[in-house]
Amino acid sequence: MRVLTGIQASGKLHIGNYFGAMKPMIELQEEHELFTFIANYHSLTSSKDAEMLRQYTLDAAVDYLAIGIDPKKTTFWVQSQVPQVLELYWILSKFTPMGLLERAHSYKDKVAKGIPASHALFSYPVLMAADILLFDTQKVPVGKDQIQHVEMTRDIAIKFNNEYGELFVLPEHMVQDEVATIPGIDGQKMSKSYGNAIEIFMDEKPLQKRCNKIVSSSTPLGEPLEWEGCHIYNLAALFLDEEAKKELQARYKSGKEGYGHFKKYLKELIWEELAEARERREYYLNHMDEVHDILAMGAKKAGDIATEKMEKVREAIGLL
Ligand code: TYM
């Protein structure tokens with residue numbers, strides 16, 4: 001089965017990206033043919049500075065490798081290094097009704113949050129459709145916020161296939177319920193642009209500080225605490241199995257500990273979960289040549305597939 005997903009290069013990775021997309025993806029690479037890339041063309045919609053975009057792209061590459069992308073098993077590249085996707089993006093635009101794009105939640109949310117409404121932001125789902133369809137993707141592991149985009153991709157592919165022949169595979173999204181929407185420190189969806197994210201590769205002290213900022217109620221020490229609806233609990237639960245969750249619930253109910261203790265506990269959980277990834281990250285940061293080589297190898301493999309697919313697309317629609 002071919003599985004593909006992407007992540008934007010827009011700063012530091014956070015726990016939402018980690019649990020919503022990266023961890024499930026790392027698990028998938030063991031059994032499936034995984035394709036994954038850094039969506040730097042997409043990041044352009046919110047970028048103002050060339051140097052920063054370059055840096056964010058490389059940071060994302062290092063972080064991805066640190067988390068456990070294995071370049072021997074997985075095809076891993078930077079979106080702009082396989083520019084064939086832009087040709088497909090234009091072609092797919094022809095199969096994208098305006099009404100479809102006008103219904104996109106993500107566009108409306110972003111504009112409501114103050115991101116300037118540009119054509120790129122508006123047509124962003126068409127580029128995402130091109131990413132997915134170019135590689136005959138069957139499954140797309142994503143967080144809940146991206147489901148609509150995968151559904152739009154299907155709509156676009158169906159329209160193309162109906163008019164010009166069955167050229168595109170219809171992809172399906174893959175969303176794990178428990179991690180569909182990871183909350184941020186204020187309980188809203190964790191997102192870099194909402195300022196409520198906990199980054200995964202922070203140093204220990206700032207990480208504790210960040211955890212301390214999680215909004216909690218002000219029950220005095222000595223009284224039992226509610227774990228249900230507690231943002232600290234909800235984040236900690238991501239790291240725990242059923243038994244450990246029960247134990248944590250009992251600690252909440254005992255009244256012996258306050259929120260401060262649970263914030264410390266959450267920091268420990270994050271810190272331990274990422275111990276190995278931190279070591280790998282250090283390694284790659286000191287071996288950037290290797291990172292560039294891995295990306296070049298991925299771009300070559302993805303590029304060959306893309307070129308072949310585009311020949312078929314051009315042929316099908318009559319482009320010389
Ligand atoms: P991006 O970069 O915003 O997010 C990357 C992945 O992380 C997931 N995610 C979350 N999951 C759960 N809870 C959260 N709080 C949370 N925040 C982020 C996202 O759902 C996503 O899976 N348009 C995409 C990038 C993209 C792409 C693609 C993805 C471009 N082309 C093709 C799949 C296939 C995006 O902006 O993701």
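Here is what the cut-offs are and how they apply
- Residues numbered from 1 in each chain as written.
- Predicted model: local features only at pLDDT ≥ 70, side-chain atom pairs only at ≥ 80, totals over all residues.
- Heavy atoms only, no water.
- Phe/Tyr/Trp six-rings, centres within 6.5 Å; stacked < 30°, edge-to-face > 60°.
- Helix = DSSP H or I, 4+ residues; strand = E, 2+ residues; numbered from the N terminus.
- Buried < 20%, exposed > 50% of the residue type's maximum accessible area, 1.4 Å probe, protein only.
- Near = heavy atom within 4 Å.
- Polar contact = N/O pair within 3.5 Å; in protein donor to acceptor, adjacent residues only side chain to side chain.
- Areas by Shrake-Rupley, 256 points an atom, 1.4 Å probe, with all protein chains shown as cover.
- Nonpolar A, V, L, I, M, F, W, Y, C, P; charged D, E, K, R; others polar.
- UniProt positions renumbered as here; feature names shortened; annotations may be inferred.
- pLDDT = per-residue confidence, 0-100.
- Core = buried A, V, L, I, M, F, W, Y, C linked by side-chain atoms within 4.5 Å.
- Contact = heavy atoms within 4.5 Å.
- Expected span 1.5 Å × (residues − 1).
- Bend = angle between axes of the 7 residues up to and from the residue.
- Pairing = 2+ DSSP bridges.
- Salt bridge = Lys/Arg side-chain N within 4 Å of Asp/Glu carboxyl O.

**Student:** How should the packing of aromatic side chains be read in this particular structure?
**Tutor:** Describing an aromatic ring pair means giving the distance of the ring centres and the angle of the ring planes. The tally for this structure, following the rule as stated, stands at 16 aromatic pairs. Ring centres of F35 and F135 lie 5.7 Å apart, and the angle between their planes is 40 degrees; this geometry places the pair in the tilted category. Residue F35 is found in strand 2 (residues 33–39), and its partner F135 is found in the loop between helix 7 (119–134) and strand 4 (139–141); the two are separated by 100 residues along the sequence. Judged by relative accessible area, F35 falls into the buried class, the value being 0%. The exposure class assigned to F135 is buried, which follows from its relative accessible area of 2%. Ring geometry for W227 and Y233: centres 4.9 Å apart, planes at 50 degrees, overall tilted.

**Student:** Help me understand the site of the ligand, please; the structure alone is not making it clear to me.
**Tutor:** Around the ligand, the structure places 28 residues, and the nearest of them are Y124, D131, G143, D145 and I182. Within the backbone of G16, an N or O atom sits 3.4 Å from a nitrogen atom of the ligand. Within the side chain of D131, a nitrogen or oxygen atom sits 2.7 Å from a nitrogen atom of the ligand. When isolated, the ligand has an accessible area of 710 Å², and the protein chains bury 95% of it. Residue contributions to the shell around the ligand peak at five residues, all from strand 1 (residues 2–8). Split into classes, the residues belonging to the shell around the ligand amount to 14 nonpolar, 11 polar and three charged.

**Student:** Whenever I open this one, the UniProt feature "short sequence motif: 'HIGH' region" (unreviewed entry) in the protein chain confuses me. Can you help?
**Tutor:** According to UniProt, the positions carrying the feature "short sequence motif: 'HIGH' region" (unreviewed entry) are residues 9–17. Helix makes up 33% of residues 9–17 and strand 0%, whereas the separation of the span's terminal C-alpha atoms amounts to 12 Å.

**Student:** Which parts of the structure should I look at to understand the confidence of the model for the protein chain?
**Tutor:** Reading predicted coordinates in detail is not appropriate for stretches of low pLDDT. This prediction gives the protein chain a mean pLDDT of 94; 100% of its residues lie at or above 70. Of the two predicted TM-score estimates for the complex, the pTM is 0.93 and the ipTM is 0.98.

**Student:** Help me understand the nonpolar core in this model?
**Tutor:** Nonpolar side chains in soluble globular proteins tend to be buried together. In this structure, I15, F76, I198, Y252, L266 and I270 are the most contacted members of the largest nonpolar core, which totals 61 residues. Other than its neighbours up to four places away in sequence, L266 contacts C211, I214, I232, L235, A236 and F239.

**Student:** It is not clear to me how helix 7 should be interpreted in this structure. Could you clarify?
**Tutor:** With 16 residues, helix 7 ought to run about 22 Å at 1.5 Å a step, and its terminal C-alpha atoms sit 22 Å apart, in line with that. Considering bend angle alone, the principal kink of helix 7 is centred on P125 and spans about 40 degrees. Judged by how many residues are buried, helix 7 sits mostly within the fold: 14 of 16 residues are covered.

**Student:** It is not clear to me how the pairing of strand 3 (residues 75–78) should be interpreted in this structure. Could you clarify?
**Tutor:** Strand residues, when the strand is regular, have side chains that alternate between the two faces of the sheet. Side chains T75 and W77 project from strand 3 onto one buried face, and the interleaved F76 and V78 project onto a second face that is buried too. As defined by bridge partners, strand 2 adjoins strand 3 across four bridges and the pair is classed as parallel. The residue of strand 3 that forms the bridge with I38 is V78.

**Student:** Help me understand unusual backbone geometry, please; the structure alone is not making it clear to me.
**Tutor:** Note: most residues except glycine have negative phi, and most peptide bonds are trans. For D136, which is not glycine, the phi torsion reads 50 degrees and is therefore positive. Residue D136 is classed as partly exposed on the basis of its relative accessible area, which comes to 27%.

**Student:** How should the environment of E279 be read in this particular structure?
**Tutor:** Tracing the chain through its elements places E279 in helix 13 (residues 275–285). Residue classification places E279 among the exposed residues on the basis of a relative accessible area of 61%. Sequence-wise, E279 and I67 are 212 residues apart; in three dimensions their C-alpha atoms are separated by 10.0 Å.

**Student:** Where do I start with the environment of L221 in this structure?
**Tutor:** In this fold, L221 is placed in the loop between helix 9 (204–212) and helix 10 (231–237). By relative accessible area, which is 61% here, L221 ends up exposed. With 36 residues separating them in the primary sequence, L221 and E257 have C-alpha atoms 6.7 Å apart. In this structure, L221 is in contact with E257 and G258, ignoring residues within four places of it in sequence.

**Student:** Explain the pattern of salt bridges to me, please; I cannot follow it from the model alone.
**Tutor:** Between side chains of opposite charge, a pair can form as their charged atoms come close. Tallied over the full model, the rule gives 19 salt bridges. E87 is the partner of R314 in a salt bridge, and the nearest nitrogen-oxygen pair spans 2.8 Å. Remark: E87 occurs in helix 4 (residues 84–93) and R314 occurs in helix 14 (residues 288–317); sequence separation between them is 227 residues. According to the relative accessible area criterion, R314 is partly exposed, its value standing at 30%. The partner of K300 in a salt bridge is D304, and the shortest N-O contact between them spans 2.7 Å. Of this pair, K300 and D304 are both found in helix 14, four residues apart, which corresponds to roughly one turn of the helix. Through salt bridges with shared partners, one network takes in E30, D70 and K73.

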